[in-house]
Amino acid sequence: MADTAVHSSTTVHEHTHDDTATGISNSKLGMWVFLASDCLLFGALISTYLLLRHRSTHGLGPTDVFDIPFTSVSSFVLLMSSLTMALAVASITRGDVHRNRVWLASTALLGAVFIGGQVYEFTTFYREGLGYTTNIFGSAFYTLTGFHGIHVTVGIIMLASLLVMSLRGNLTRERAEAVEIVGLYWHFVDVVWIVIFTVVYLIP
Amino acid sequence: MSTTTTNEASPTAEEELLEHAHDHPSDGDYVKIAIILGVITAAEVGTYFWKDIFGSEPSTFALVATLFPMMIAKFIIVIGYFMHLKYDNPLFKRVFIFGLLLAMAVFIAALSAFEFWDDRFLRFLTGG
């Protein structure tokens, strides 16, 4: 009984992070610092794309290849994956392990659908004649959206890892912060796509 | 002795957690936020059919003026509610905003260095 009380107290102690100098989780702060630095990466890639997209002297341009209705569906899928991720974080915070698994799997699945759409899009563009080295628009476009795709893929791997941890019984309410940190990364990937979708696809 | 101490400390910490949990949106709130995001996305995609709706091609300025506020709104909603930045420790907000401002500085510097804001850009923006 006494042991249980001590364990419960330790668990709560971990949540409040009184053991760090700032009183907040170092892991969470680390993820926010990483995301802030990732803003720089995407800031540079987006500005490069904007500079180069209309400077091609030959080959296909943005208006020749983009399929807005298709990309809109992909964007909606990624947006909804942010909802399932938020629900995954909320469920593990409540200690609902079963629902957490469902939401984590849903998020990974929606992410995989988005990546599938991107692979299809890249393949279609390539068949239409826009390769990575066809022109400067192609290079800038594939680099920007490719980097984003890599981020989504890394996110799917992290979600799959959490799912495996959960199935092994290692992901409980006490480790909810792990889900929250992966969630931060996932939402950031969604936020970056919000910008890319508008700047790259919707503004010709 | 130590057990007594932890038992006394436990309810306060539990209360802190519960209070923290009440600050965060509920599952229903998350669904409402997602619906709002979906509606904004639909409005964004609607600009693709501008010509069908209004009968003429939009100028880039009109597109930017329409799409950017929607993009910024979606951005703020996701980081504020889904990423809990609205409810979390202010330090996280400061760290992220610092990175964001730095990224925007890089963005503006790069575009300026390569003469993005020249006459061609202004003509392009105004559709001239």
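## Digging into the overall build of chain B
Each helix and strand in chain B was counted, giving 6 helices and 0 strands. Along chain B, helices and strands appear, N-terminal first, in the series α-α-α-α-α-α. Split into buried and exposed, the 128 residues of chain B put 16% on the buried side. Within chain B, counting contacts between residues at least 6 apart in sequence, those at least 24 apart form 63% of the total.

## Some points on the overall build of chain A
The secondary structure content of chain A amounts to 7 helices and 0 strands. Across chain A, helices and strands are ordered from the amino to the carboxyl terminus as α-α-α-α-α-α-α. Structurally, chain A occupies a C-alpha span of about 75 × 35 × 25 Å along its principal axes. Put simply, chain A has 204 residues, and 40% of those count as buried. When contacts within chain A are restricted to residue pairs at least 6 apart in sequence, long-range pairs at least 24 apart make up 80% of them.

## Things to note about the environment of Ile194(A)
By the secondary structure assignment, Ile194(A) is in helix H7 (residues 176-202). Of the residues examined, Ile194(A) has 25 C-beta atoms within 10 Å and is grouped as buried. When the C-alpha positions of Ile194(A) and Leu144(A) are compared, they lie 13 Å apart, and in sequence the two are 50 residues distant. Look past the residues within four positions of Ile194(A) in its chain and what remains in contact with it is Met71(B), Lys74(B), Phe75(B) and Val78(B).

## What to know about the confidence of the model for chain A
Taken residue by residue, chain A gives an average pLDDT of 88. The fraction at 70 or more is 91%. The low-confidence segment residues 1-15 of chain A, where pLDDT is below 50, has 20 contacts with residues more than four positions distant or belonging to other chains.

## Structural notes on the environment of Leu202(A)
With respect to the secondary-structure elements, Leu202(A) resides in helix H7. Overall, Leu202(A) belongs to the buried group, with 23 C-beta atoms counted inside 10 Å. Between the alpha carbons of Leu202(A) and Leu184(A) there is a distance of 26 Å; along the sequence they are 18 residues apart. Aside from chain neighbours lying at most four places away, what touches Leu202(A) is Phe197(A), Glu44(B), Thr47(B), Tyr48(B) and Leu67(B).

## Describing the packing of helix H4 (residues 68-94) of chain A against H7(A)
Residues and elements named next belong to chain A. The interhelical angle for the contact between H4 and H7, taken along N-to-C directions, is 160°, at an axis separation of 9 Å. By the angle between their axes, H4 is roughly antiparallel relative to H7. As for how H4 packs across H7, the hand of that crossing is left-handed.

## Some thoughts on unusual backbone geometry
Glycine aside, a negative phi is what most residues show, and trans is what most peptide bonds show. Non-glycine residue His84(B) carries a positive phi angle of around 65°. By secondary structure assignment, the location of His84(B) is in the loop between helix H4 (60-82) and helix H5 (90-113).

## Let's talk about the nonpolar core
Judged by nonpolar contacts, the single largest core of 67 residues is most densely connected at Leu35(A), Tyr49(A), Ala86(A), Ala88(A) and Leu144(A). If you list the elements that add at least two residues to this core, you get helix H2 (26-52), H4, helix H5 (97-128), helix H6 (136-167) and H7 of chain A together with helix H2 (27-46), H4 and H5 of chain B. It is H7(A) that contributes the most residues to this core, 17 residues altogether. Excluding residues that lie within four positions of it along the chain, Tyr49(A) makes contacts with Ala140(A), Phe141(A), Leu144(A) and Val200(A).

## Regarding the environment of His24(B)
Residues and elements named next belong to chain B. Within the secondary structure, histidine 24 is located in the loop between helix H1 (2-23) and H2. Separated by 64 residues in the primary sequence, histidine 24 and aspartate 88 have C-alpha atoms spaced 9.1 Å apart. Sequence-distant contacts of histidine 24, defined by excluding residues within four places in its chain, comprise His84 and Tyr87.

## Describing the confidence of the model for chain B
Residue and element names in this part refer to chain B. Of all residues in chain B, 73% have pLDDT values of 70 or greater, and the mean over the chain is 79. Here H1 stands out as the element of chain B with the lowest mean pLDDT, 48, in contrast to H2, whose mean of 94 is the highest. Confidence over residues 1-11 falls short of pLDDT 50; this stretch has 12 contacts with residues more than four positions distant or in other chains. Here the predicted complex scores 0.84 on pTM and 0.85 on ipTM.

## Here we look at the packing of H2(B) against H4(B)
Residues and elements named next belong to chain B. In the contact formed by H2 and H4, the axes pass within 10 Å of each other and the chain directions differ by 160°. Taken together, the axes of H2 and H4 are roughly antiparallel relative to one another. Both H2 and H4 take part in a crossing whose hand is left-handed. Here H2 contributes Ile33, Ile36, Leu37, Ile40, Ala43 and Glu44 to the contact with H4, which in turn contributes Leu67, Met70, Ala73, Lys74, Ile77 and Tyr81. When grouped by side-chain class, the residues that make up the contact of H2 with H4 number 10 nonpolar, no polar and 2 charged.

## Quick look at H5(A)
All names here are of chain A. Its 32 residues place the ends of H5 46 Å apart at the C-alpha level, agreeing with the 46 Å of an ideal helix rising 1.5 Å per residue. Of the positions making up H5, those classed as buried are Asn100, Trp103, Leu104, Thr107, Ala108, Leu110, Gly111, Phe114 and Phe125. Considering only its buried residues, H5 is in contact with helix H3 (62-65), H4, H6 and H7. The first or second residue beyond H5 is glycine 129, which carries a positive phi of 115°.

So, how was this worked out
- Residues numbered from 1 in each chain as written.
- Chains lettered and ligands numbered in written order.
- Predicted model: local features only at pLDDT ≥ 70, side-chain atom pairs only at ≥ 80, totals over all residues.
- Helix = DSSP H or I, 4+ residues; strand = E, 2+ residues; numbered from the N terminus.
- Buried ≥ 20, exposed ≤ 12 C-beta atoms within 10 Å, placed from the backbone.
- Contact = placed C-beta atoms within 7 Å.
- pLDDT = per-residue confidence, 0-100.
- Axes fitted to C-alpha atoms, helices over the stretch in contact; angles between N-to-C directions.
- Parallel < 35°, antiparallel > 145°, perpendicular 65-115°, else oblique.
- Left-handed = near helix turned anticlockwise from the far one by under 90°.
- Core = buried A, V, L, I, M, F, W, Y, C linked by C-beta atoms within 7 Å.
- Nonpolar A, V, L, I, M, F, W, Y, C, P; charged D, E, K, R; others polar.
- Expected span 1.5 Å × (residues − 1).

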